[in-house]
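Below, each chain spelled out in residue letters.
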Amino acid sequence: MDLLRKWLMMVVLIFFNGIGGSSDGGPLVLDYYKETCPLLEELVQRTVEIAVLRDPRMAASLLRLHFHDCFVMGCDASVLLDSSGSIISEKQAGPNINSLRGFEVVDHIKYILEEACPSTVSCADILALAARDAVVSRGGPRWNVYLGRRDSIKASFDGANKFVPAPNSSLETLIANFQEQGLDTGDLVTLSGSHTMEKAKCLSFRQRIYEINSEEQSYHYKRGTTFQRSLQSICPKSGRDSALAPLDSMTPARFDNHYFLNIIQGQGLLISDNVLVSQDLEGEIREHVWAYANNQELFFASFGNSMIKMGNINILTGEQGEIRKNCRFVNS
Ligand code: HEM
Ligand SMILES: *[C@@H]1O[C@H](CO)[C@@H](O)[C@H](O)[C@H]1NC(C)=O
């Protein structure tokens, strides 16, 4: 990167921090495991790279896992717990069941880390690191992952149903949902850009292709129709609930800014993608969307900042929680 670009990036970062709130690590720190697990970042990165080589979709799945963790009681690895004793797994909740992936990869990372530095690295920190490395592996931005999270000793099945946003949410609902997590509208737009990677199942986008409301209809008049028809061939009115379609039909395997080009054209796969443009009456979000569509570097810089912010939601630190030995179960 030449100096001018570096300088421009700095200006952009300062500007966006001003809008979106600063994004430092809060109580977390960069070198938390420097003494206790010096090879941590290298080990996680390698394991993620291998997993993604084997299964390219895994990059998206690992990113989503961190998101679904953070939105339910905070980034505390509650999403990883299996049902056992009094714990009802979040994996069974509506947004997660038959949908979340990547648990075996997390287990594998944990196994390697328990060999290298036993009972040291939290499962919550593994999720944060894996999400970053997953994005990098698909050509996306790299950001600093602040560390020191601890793992919860409980899960919240009800929380998973309540706090993970539904794909048919209105813009108002999405904004409120993110606000509840301390994330603003800018973060909503930026993080929704994650839907530049991989897939959703028919069940998640059926309503979007068969029940177009009048608002959508008038905004996307004509433009939508061929797109809709091709999706209808994948996803019939009933049945084939698990049939998959790409969230970004242009470059589903890459982390880039094409998501924003898609939603400008009314070609987001989910209702929650399209409402960012169609229900934004003030046009503030639309401006954001256009800026990202025109400038991938800007999107990348903001994405890292918003991921750091998301990674700070309600974290457990110090003596809170525990360092799980097995990410699927609390320590006995
Ligand atoms: C804004 C509200 C959001 C809604 C309503 C939403 C909803 C969804 C839905 C329904 C799917 C498809 C799941 C399936 O059909 O199995 C999906 C996939 C995905 N989401 Fe989101 N999401 C949102 C925000 C986010 C955020 C903030 C991230 C990451 C930071 C994210 C990352 C992903 C990824 C990477 C996939 C593809 C996963 C895969 O192929 O395995 N989403 N999302
Ligand atoms: C969203 O989908 C759920 C489940 O399919 C349905 O019960 C609900 O009525 C839908 N909400 C809206 C606003 O369309």
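Report on the accompanying structure. The model shown is predicted, which means the values in this text are computed figures rather than measured ones.

What counts and how
Residues numbered from 1 in each chain as written. Chains lettered and ligands numbered in written order. Predicted model: local features only at pLDDT ≥ 70, side-chain atom pairs only at ≥ 80, totals over all residues. Heavy atoms only, no water. Core = buried A, V, L, I, M, F, W, Y, C linked by side-chain atoms within 4.5 Å. Buried < 20%, exposed > 50% of the residue type's maximum accessible area, 1.4 Å probe, protein only. Helix = DSSP H or I, 4+ residues; strand = E, 2+ residues; numbered from the N terminus. Domains from an automatic or database assignment. Contact = heavy atoms within 4.5 Å. Near = heavy atom within 4 Å. Polar contact = N/O pair within 3.5 Å; in protein donor to acceptor, adjacent residues only side chain to side chain. 1 Å grid on protein atoms, 1.4 Å probe; cavity = no way out; pocket = protein on both sides within 12 Å on 5 of 7 lines; lining within 4 Å. Sits in = over half its atoms within 2 Å of the grid points. Nonpolar A, V, L, I, M, F, W, Y, C, P; charged D, E, K, R; others polar. Points joined across faces, edges and corners; volume = space filled by probe spheres on them.

## Remarks on the nonpolar core
Argument step 1. By size, the foremost hydrophobic cluster in this structure holds 73 residues, and its most contacted members are Leu40, Leu80, Phe260 and Phe303.
Argument step 2. Per element, the largest residue contribution to this core is 10 residues, and it comes from helix α5 (residues 123-137).
Argument step 3. Taken domain by domain, the makeup of this core includes at least three residues from each of domain 1 (40-164) and domain 2 (183-306).
Argument step 4. Setting aside residues up to four positions removed in sequence, Leu40 forms contacts with Tyr33, Leu113, Val121, Leu129 and Leu147.

## Some points on the site of ligand 1
Argument step 1. Every one of the 27 residues lining ligand 1 counts as a neighbour, but Ser61, Ser99, His195, Lys201 and Ser204 are closest to it.
Argument step 2. Contacts to ligand 1 include Ser204, whose side-chain N or O atom sits 2.6 Å from an oxygen atom.
Argument step 3. Cavity membership is defined here by more than half of the atoms lying within 2 Å of grid points; on that basis ligand 1 lies in the largest pocket.
Argument step 4. At the level of secondary structure, the elements contributing two or more residues to the shell around ligand 1 comprise α3 (58-70), α7 (171-180), α8 (185-192) and β1 (199-201).
Argument step 5. With 5 residues, α3 is the single largest residue contributor to the shell around ligand 1.
Argument step 6. For the shell around ligand 1, the class distribution of residues is 14 nonpolar, 7 polar and 6 charged.
Argument step 7. Looking at which domains feed residues into the shell around ligand 1, each of domain 1 (40-164) and domain 2 (183-306) supplies at least three.

## Structural notes on the layout of surface pockets
Argument step 1. Roughly 950 Å³ of volume is contained in the largest pocket.
Argument step 2. In terms of lining residues, the largest pocket is bounded by 39 residues, among which Arg64, Phe67, His68, His195 and Leu270 are the most central.
Argument step 3. Going through the elements one at a time, α3, α7, α8, β1, α9 (202-210), α13 (271-278) and α15 (296-310) are the ones with two or more residues in the lining of the largest pocket.
Argument step 4. There are two domains that each give the lining of the largest pocket at least three residues, and those are domain 1 (40-164) and domain 2 (183-306).

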